[in-house]
Structures are given as C-alpha cells and as structure tokens.
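This is what each chain is made of:
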Amino acid sequence: MTTAAPQRRQNVASAAGLLLGGVPFLLVLINFRSDVLRTAVAPRFASNFFDIQASAFLDGRLSVPNGILGIEGFVIDGQTFMYFPPFPAILRIPIQLVTHEFDGRLTVLSMALAWLVLAVVSTRFTWLVRDCLRPERDVSRTDAIAAAALIGAITGGTVLTFDASLPWVYHEVYLWASALAVGAAYWLLRVALNPTLPSTLWLMGFTLSTALTRTPGGWAMSGTVMALAAWLALRHARGASGARHRPRRRRVGKARIPIAVFAAGAVPLLASVTYNWVKFGHPYLFPLESQVWTQVNEHRRAALEANGGTITGPQFLETTLVNYFRPNGIRFVDYFPYITLPSEPAQSYGGAFLDQTYRTGSVTAFMPLLLLLSVCALVVLLRRSLTPAAAALRWPAVASLLVGGGVLGYGYIAHRYTSDFVPMLVVLGTIGLWHVTTWSLPWPRVVRPAFLVGMVGLTAYSIAAQMATGALAAAHTHRGDELTSFLSLQERLSGGPNSPVSRLVSRSDGLPGSGTADDLHITGDCAALYVHTGDQYEPWNLVEQRDMIVDLMPTFTNYKPGLLRLFQQFGVETREVSLEFDAVAPQARLVVEDRDGNFYSPWFEVARDRPIRVTAHARPEFFETRIRVNDDPQYDLRLPVAEWNRDWYSDLSQLQFRSAIDGGNTDHVRATQSWGPVPAVCGRLSDDHAVSVSRR
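Basis of the calculations
Residues numbered from 1 in each chain as written. Predicted model: local features only at pLDDT ≥ 70, side-chain atom pairs only at ≥ 80, totals over all residues. Heavy atoms only, no water. Helix = DSSP H or I, 4+ residues; strand = E, 2+ residues; numbered from the N terminus. Areas by Shrake-Rupley, 256 points an atom, 1.4 Å probe, with all protein chains shown as cover. Buried < 20%, exposed > 50% of the residue type's maximum accessible area, 1.4 Å probe, protein only. Pairing = 2+ DSSP bridges. Axes fitted to C-alpha atoms, helices over the stretch in contact; angles between N-to-C directions. Left-handed = near helix turned anticlockwise from the far one by under 90°. Contact = heavy atoms within 4.5 Å. Nonpolar A, V, L, I, M, F, W, Y, C, P; charged D, E, K, R; others polar. Core = buried A, V, L, I, M, F, W, Y, C linked by side-chain atoms within 4.5 Å. Salt bridge = Lys/Arg side-chain N within 4 Å of Asp/Glu carboxyl O. Expected span 1.5 Å × (residues − 1). Patch = residues over 30% accessible without salt bridge, like charges linked within 9 Å, V, L, I, M, F, W, Y side chains within 5 Å.

Engineer: What exactly am I supposed to notice about the overall build of the protein here?
Structural biologist: Of the regular secondary structure elements, the protein holds 21 helices and 21 strands. Over its C-alpha atoms, taken along the principal directions, the protein stretches across nearly 115 × 65 × 50 Å. Accessible area of the protein: about 29,500 Å², with a carbon and sulfur share of 58%.

Engineer: Whenever I open this one, the pairing of strand E6 (residues 520–523) confuses me. Can you help?
Structural biologist: Here is the key point about a regular strand: its side chains alternate between the two faces of the sheet. Of the two faces of E6, the one lined by Leu520 and Ile522 and the one lined by His521 and Thr523 are each fully buried. Sheet analysis places strand E5 (residues 505–508) next to E6, joined by four bridges and oriented parallel. If you follow Ser506 over to E6, its bridge partner there is His521. As defined by bridge partners, E6 adjoins strand E7 (residues 528–532) across four bridges and the pair is classed as antiparallel. Looking across to E7, one finds that Leu520 is bridged to Val531. Between the antiparallel neighbours E6 and E7 lie four residues, among them Gly524 with a positive phi of about 60°.

Engineer: For this particular structure, what's the right way to read the packing of helix H7 (residues 169–193) against helix H18 (residues 422–436)?
Structural biologist: Pairs of packed helices are described in terms of their axes, by the angle between the two and the distance that separates them. Put simply, H7 and H18 touch, their axes get as near as 9 Å, and they point 35° apart. Every pair of crossing elements has a handedness; the one defined by H7 and H18 is right-handed. On the side of H7, the interface is formed by Ser178, Ala181, Val182 and Ala185, while H18 contributes Val422, Pro423, Val426 and Val427. Here the contact of H7 with H18 is built from residues that sort into seven nonpolar, one polar and no charged.

Engineer: Help me understand the nonpolar core in this model?
Structural biologist: In a soluble, globular protein the nonpolar side chains are often hidden away together inside. Ranked by internal contacts, the top residues of the largest apolar core, which has 136 residues, are Phe49, Phe84 and Ile431. Tallying contributions element by element places H7 first for this core, with 18 residues. Within the second largest apolar cluster, 26 residues are counted, among which are Val550, Phe567, Ala588 and Val614.

Engineer: Looking at this structure, how should I read the pattern of salt bridges?
Structural biologist: All chains considered together, the criterion is met by 26 salt bridges. Across the pair Arg628 and Asp636 runs a salt bridge, and its minimum N-O distance is 2.7 Å. Residue Asp636 is classed as buried on the basis of its relative accessible area of 10%. Via salt bridges that share partners, Arg619, Glu624, Arg628, Asp631, Asp636 and Arg638 belong to a single interconnected network.

Engineer: Hey, could you run me through the sheet that holds strand E9 (residues 548–554) in this one?
Structural biologist: Strand pairing in a sheet relies on backbone hydrogen bonds, with the paired strands running either antiparallel or parallel. In space, the five strands of this open sheet follow the order E17-E16-E15-E9-E21, with antiparallel pairing throughout. Strands at the two margins of the open sheet, each flanked by one partner only, are strand E17 (632–640) and strand E21 (669–675). Taken pair by pair, the neighbouring strands of this sheet meet at an average axis angle of 20°, ignoring direction. Both strand E15 (residues 612–619) and strand E16 (residues 624–629) contribute to a ladder of six bridges, which runs antiparallel. Looking at E16, one finds that His617 is bridged to Arg626.

Engineer: Help me out: how do you make sense of the sheet that holds strand E8 (residues 540–545) in this one?
Structural biologist: Taken in spatial order, the four strands of this open sheet run E5-E6-E7-E8, and their pairing is mixed. Of all strands in the sheet, those with a lone pairing partner are E5 and E8, marking the two edges. Here the average twist between neighbouring strands, direction ignored, is 25°. Summarising the sheet, E7 and E8 pair through five bridges and their orientation is antiparallel. Within E8, the residue paired with Leu529 across the bridge is Glu544.

Engineer: Quick question: what am I supposed to make of helix H19 (residues 444–478) here?
Structural biologist: An α-helix turns once every 3.6 residues. As a result, residues three or four positions apart point the same way. The terminal C-alpha atoms of H19 lie 50 Å apart, and with 35 residues this matches the ideal 51 Å at 1.5 Å per residue to within 8%. Two residues or fewer past H19, Arg479 is found with a positive phi of approximately 65°.

Engineer: Hey, could you run me through helix H5 (residues 141–156) in this one?
Structural biologist: Compared with the 22 Å implied by 1.5 Å per residue over 16 residues, the 22 Å span of H5 between its first and last C-alpha is a close match. Counting buried residues in H5 gives 14 out of 16 residues, a clear majority hidden from the surface.

Engineer: Explanation requested: a nonpolar patch on the surface in the structure shown.
Structural biologist: Residues Leu19, Val23, Leu27 and Phe32 make up a contiguous nonpolar surface patch of roughly 360 Å² in combined accessible area. Topologically, Leu19 is positioned in helix H1 (residues 4–29). Judged by its relative accessible area of 59%, Leu19 is exposed.

Engineer: Just checking my understanding: could you explain the side chain of Thr158 for this structure?
Structural biologist: Topologically, Thr158 is positioned in the loop between H5 and helix H6 (159–163). Since its relative accessible area comes to 1%, Thr158 is described here as buried. Look past the residues within four positions of Thr158 in its chain and what remains in contact with it is Ala153, Met367, Leu370, Val422 and Gln466.

Engineer: Is there a simple way to explain unusual backbone geometry in this structure?
Structural biologist: Most of the time, phi is negative for any residue but glycine, and the peptide bond is trans. The amide bond that connects Phe336 to the next residue, Pro337, takes the cis arrangement and shows omega of 10°. Inspection of the secondary structure assignment puts Pro337 in the loop between strand E3 (331–332) and strand E4 (339–340). Even without a glycine there, the phi angle at Asn31 is positive, about 55°. Backbone geometry places Arg479, a non-glycine residue, at a positive phi of 65°. With respect to the secondary-structure elements, Arg479 resides in the loop between H19 and helix H20 (480–494). Judged by its relative accessible area of 9%, Arg479 falls in the buried class.

Right, dumping it as structure tokens:
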C-alpha cells in the first residue's frame, strides 16, 4: 500500500465483512438467545462425544465406555471407539484438567472458536490473493466494497452458518474442518510464494490439525503439500547448476526447504493413518460392519451388501452431483421462515443404493455468489501463461478441490455434507473475485455499481437462507420450548384465519398419517399438536400435548389391595399405566407395564379422604411423557412420545385415558378424569383453522 487511505479501506472492508457475516453466524449459534452452553438436544446426546473422548485420553485410552455413544459407537474386540478424529477432543483437555462441570456443553464455544479461526485466515487469504493478482495497485472503493461482501459471504453466508444451528459433534467437526482447511490453504499459498521455515511450520500445524479433524480434508491437504515439496525440489534441482558459484551454506539451506515442506505434508498424513490404524486396523476406512447402527438397522446392512461392504465409490457420483449442485435445491414458501430446504429427502440417481438420505439443499441454490466466483476463478487458473504469484494460486485451488472431492463418492446424503465444499468456495471464490475486478468492462459507471449491488445482494440472500434453515433445524431437532417458540413466531408472522399457516393445519381424533414438510396436525380438542419434519425417518414431531389428569379420592372404610388402570399408551408397543395398592399396608405406587416388564415408582402413603392426583405431562425435548403423583418428582415414571420401529423409523405414541378406570378390585377409590389447559400455540392454530373451515 502506498498511502494511508488504501490501508484504511482494507481495514474497514475487513471489519465490515466480518461484522456482516459474524453477527448472523453468532445469532444462529446461540439460537437467538443468550445460552452459550446450549446443546442440539436437551439430553446432550452427540454434544458430549468429544468430551467423552477427551476424558478417555486423560485416562490413557482411545476407547470410550461401552454404550455411551449409542448407535454411533464402533465395537472392536469388546471395546467401543468413536470414528471422529481427535482434534476437537484435544482442545477440551485443558478444561477437563481443571473441571468436568462443562462436559457436554462446550460445543457452542468450540464452534465459535472455529469461526474465529475461519474469520482470521479467510480475511488474510482474501488480501493475499489480491496481492497475487493485482500487485502494486492501491485498494479502491470498489475493491473495498467487493472484499467486504466476499468476507461476509464466507463468514456468514455458507452452510457453516446452518451448521452452527446444531451444536453437536456432527456439525462441530465441519466447522473446524472447514476453518482449518482454509487456514492450510492460506499457508500453502504463503509457502508456494516464499518457502520459509516459519511459513512451513505454520503449514504443518494447520495441515496436521485438518487431518486430525476430518480425514478426507487432511489427506487432500497433505497430498497437495507433498506435491508442492516435489515441485520445489525439482525447481531447486534445475536451478542448482546455475548457482554453483553461491556459498555452499546458502545452497544447502535452500535444499532443505523442500524437505521441510515434504515433512509438513507427510507428518500429518502419518498421524492420521496411525490414529485410524490403531483404532480400526485400516489407513482411513471405518469397519462399518462393527458399528452399532449397522447391527440394529437392516437398511444399513442392505446398503453395505449392495455396495460391496462399503458406502463409498464412484457409483454415487451422479447422485451426489445432482443433489449437491442442482439449481432448484431450495424451497421458498409463503410463511415464516420463507426459505427452507427442499421438502423431500434427496433422491438416488443412476441406480445407486444409498445408505441414508435427508432433506438436502444445494451449493448452487444456497451459496450462488461463491459458486459463480469460483467458476470465474477457473478462467485465470487454467491459463498457460501466468505470473509466478498468480501461478502459485493453483496450489491452494487444487487442495481445496480435493477436499470437496471425497464427499462426492459417499452414499449418505445430508445438507451438512455440503460443508466439504466450503474450502473450495472460499479459495476459488476469492481468486475469482480478484480476477473479475481486473476485467475491463464497458460502461464502468453503470456496470461497476451493478456488480457491487449484485455481490451485496447475493451475500445478503445467502446469509438469510442459512439463518432461516438453521433456525428451523434448531427448533425441529431440540423440540420442546424451542420448537414451541418457533411455531408461535411463525403463527404470529404468517398465521390467522385463511392464512398460509392455517392451510397447513389438519385435525383428527387419531395420530397424523402421511404429510409433507411443515404440515401441522391437531389431535382431538388440542390433545396434541404435531409438525411434519419432511424427514423420512422421523416424519412427525410432537410440539405440545395437553396434560391428562386423574384425580383419585380414597373412600374406603376397609382398605383393599388391587390395581387401578389409569392410562393406556398405543404405539410400537402397548403400555398400561396403573396405580397399585399394596396388599400389606395402605400405600400405593405407579406401575408401567410393557413387553420388557414392569416399572415401579416408590411407594407412597394412602389415607381416606386424602386426594391423589396423577398427571401425564409431555416433555418433547426429552422425548417423553412424565407420569407424576401429587407433583412430587420422586414418584415419576416416564413413557416415550415416539419409538423406533423394527425398520428404525420413528412411530408416534398416543396416550389415552382408560375408558373403564376401575379395574374391579379397587372400588374403594373414586376417580375423575380431566384435561389440563389447552396449550397456547395449539389453541391459536385450532381457532384459526376452525374459522378457515367455516368460511369455505
């Protein structure tokens, strides 16, 4: 920079871009609340995996306690292993050395740190690429605005903002993998431009961290770094004959640089291979036949059989390319949040037998600006004649393309997997931007402002799309108050009689049947409210359930033992909820009977004219209905609100009052059945639906 003004523009542009992208990202990360310790689901499942692994490391083990990972565990010789590489777990070790109070609740903070890394390295990469393509040119106002829009798109307009909506291991690993891969790409470019030892050490650190976060990205970076080392060695060998007059010490020093660069790629690769080999006996693959999920899920076993014992291979290429890059991979609706993922799970093409498939948005539809700029980058990267600085850009470009290549051969389709393309979009998008700004266009006073408006508009669109889909995903996944709050806001913004939301509502006396994404179903007189997720595995979520109350008044003169039936639950299996009166002393306890046996609460004293209230209260965020006596938690028993059937699809359960509440042996107790208050959201939706139906 030749003056203070261009440097100030660069600083202001960087700050503006980080603010533009950072604020939406952080709002989604904390789910528009203030809880920095929140988890994706209330029981903290999958938000605690890296904490569990960190504790195992401190105990000197790679294996974790059996059963603690649920269906995600890999059982090898009686020991359970986690398939995720260890970098995010290593980050937790310093905290666990001091306290375990925050175990399972550090994911938001970890993801925020990953974003900070991404923000720093992507901003530095943005200006370094500009120096490669536009050397010795001051930063103009156009450059500053374009850079701010680009940085905003990178830090807030990619699928990583959607990932931030669910603080659990599945999304945390992608934030770190993307941030570290972009950091490795930055230092790869630095080394290609000027291979010094400090830069090489930074490159090794980022490549090692990438390899210990996500294997495909780590291998891609390691391979490219080693290829760069070979190229540097070849260049050194070609120049050695013309440099024999130089001092030997200087020649030896330059000769060591390719060796150091090769080590920067080889050491991370060796670390990744060693870690996976010790756990699974293979350089990079997981023994899917040993995963708990494979043991319980017939479709997974069928997918492995159909694909030769794996779920990776070129047979999935057509399916992944179509789903991840189709232009219509998005859905616009006339109700809040207005932008969602496609309404149905991703489809298979070319006869591919997929493992699992979910609603999946496309790179083209959700990140159009970065994709368009990436295409523009190919124009400059494929030129035969480039300046040395511009030619160096090919190294991070190749590495980032390889990072995204792995997921194209994976037979499991999910929206989060588009995160693998983020390093490519960042690297190529940045190159494309600064290449486009070198074009000599006609009518610059018209075209240049239009270009900037388009950039800012597409950045804002991508940010809005990520925030909308993230907010919906957080609500559906967590359930409970978060889902109720989301639907309440949806009803306020888009509801009312004959409104878009009211058209989503159906009602019946029984459980909902088929439906499409965002449908709402009311059972009975707001006995329960359900929302359709669009997912094939868990199609309906319970939103609210009206309390069911049985008031009992002992009227006996002579105490009689027996069993009083209170509720009956229908679902994957039938359960009975009863009150058992003891044969020895005047006391009672709750009993839940199912095919696995009986479950009992502690005994409590029973006396004449002393009322007993049994309340069934749904807690969807914990996937349960709680049965409580006299509002005392020590007597609680629990029923599932939904269960996995034999095919591992979620089936809802319905709780009903027993029509004949007296079991015949306890006629000394008077019972009254009643419903609790109508849940707020269900009540408003029911009223709107009733008015809409009456006007038809």
